[in-house]
Amino acid sequence: MRVNGVVHSLDVEPWVSLLDALRERLGLTGPKKGCDQGACGACTVLADGVRINACLALAVQYADKEITTIEGLAQGGELHPVQQAFIRHDGFQCGYCTSGQICSAVAMLAEHAAGMPSVVSGSAARAELTDAEIRERMSGNLCRCGAYNGILDAIREVATP
């Protein structure tokens, strides 16, 4: 399995979730086990750049994918622009959801740039990334502390050219 640019050889049972493989077998604790039902987004990681809930994915299904966790977003010691914006805009409080929020935001911005539709935009045409659009596209990630204003501000900053 290729995780954060490094190939790992794992021997996992077919029922082991990607989240458990990342956390328990590889020691990557960024993705969190929140609800373990795909409802909170704390476990969000990127599989070939697409956001997924790692708690709902079987590790064996992703053996040929590039998995990126929060630990793999920084490049050469430089934080990803979304990570930097979260810090500047105080887009976290307790931090439990932060890794999932950031991974989701990175993928969401790529989805938007590719012209993927949302319920708010209602079409495949590249819609303006309004606050309502960002909220809809990030609705799969919950923050129990209520840091949504900082999260929204951070994403808006990165999305604004």
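Residues numbered from 1 in each chain as written. Predicted model: local features only at pLDDT ≥ 70, side-chain atom pairs only at ≥ 80, totals over all residues. Heavy atoms only, no water.

Let us look at helix α5 (residues 148-159). Taking 1.5 Å of rise per residue, 12 residues should cover 16 Å, and α5 covers 16 Å from first to last C-alpha, within 8% of that figure. Among the residues making up α5, those that are buried are Gly-150, Ile-151, Leu-152, Ala-154 and Ile-155. (Helix = DSSP H or I, 4+ residues; strand = E, 2+ residues; numbered from the N terminus. Expected span 1.5 Å × (residues − 1). Buried < 20%, exposed > 50% of the residue type's maximum accessible area, 1.4 Å probe, protein only.)

Next up on the list: the pattern of salt bridges. Oppositely charged side chains can form a pair if their charged atoms are brought close together. Evaluated as defined, the whole model comprises 10 salt bridges. For Arg-2, the salt bridge identified is with Glu-66, shortest N-O distance 2.7 Å. Of this pair, Arg-2 sits in strand β1 (residues 2-3) while Glu-66 sits in strand β5 (residues 66-68), and the two are 64 residues apart along the sequence. Using a relative accessible area of 23% as the deciding quantity, one classes Glu-66 as partly exposed. Here Asp-36 and Lys-33 are joined by a salt bridge, their closest N and O atoms 3.9 Å apart. A relative accessible area of 39% places Asp-36 in the partly exposed class. (Salt bridge = Lys/Arg side-chain N within 4 Å of Asp/Glu carboxyl O.)

It is worth spelling out the packing of helix α2 (residues 81-88) against helix α3 (residues 98-113) at this point. Look at α2 against α3: their axes get within 9 Å of each other, and the N-to-C directions meet at 125°. The orientation of α2 relative to α3 falls into the category oblique. Crossing hand, α2 versus α3: right-handed. Seen from α2, the contacting residues are Val-82, Gln-83 and Phe-86; seen from α3, they are Thr-98, Gln-101, Ile-102, Ala-105, Val-106 and Leu-109. A class-by-class count of the residues in the contact of α2 with α3 yields six nonpolar, three polar and no charged. (Axes fitted to C-alpha atoms, helices over the stretch in contact; angles between N-to-C directions. Parallel < 35°, antiparallel > 145°, perpendicular 65-115°, else oblique. Left-handed = near helix turned anticlockwise from the far one by under 90°. Contact = heavy atoms within 4.5 Å. Nonpolar A, V, L, I, M, F, W, Y, C, P; charged D, E, K, R; others polar.)

Turning our attention to the environment of His-80. Topologically, His-80 is positioned in the loop between β5 and α2. Ignoring sequence-local partners within four residues, the contact set of His-80 consists of Leu-73, Ala-74 and Val-106.

Here we come to the sheet that holds strand β4 (residues 50-53). The strand order across the open sheet formed by five strands is β2-β1-β5-β3-β4, and the pairing between neighbours is mixed. Every interior strand has two partners, whereas the edge strands, β2 (6-7) and β4, have only one. Direction of pairing for strand β3 (residues 44-47) relative to β4: antiparallel, over a ladder of four bridges. Opposite Val-45, over in β4, you have Ile-52 as the bridge partner. Here α3 sits on the sheet and contacts β3, β4 and β5; the angle it forms with β3, its principal contact strand, is near 40°. (Pairing = 2+ DSSP bridges.)

Honestly, it's all geometry; don't read function into it.
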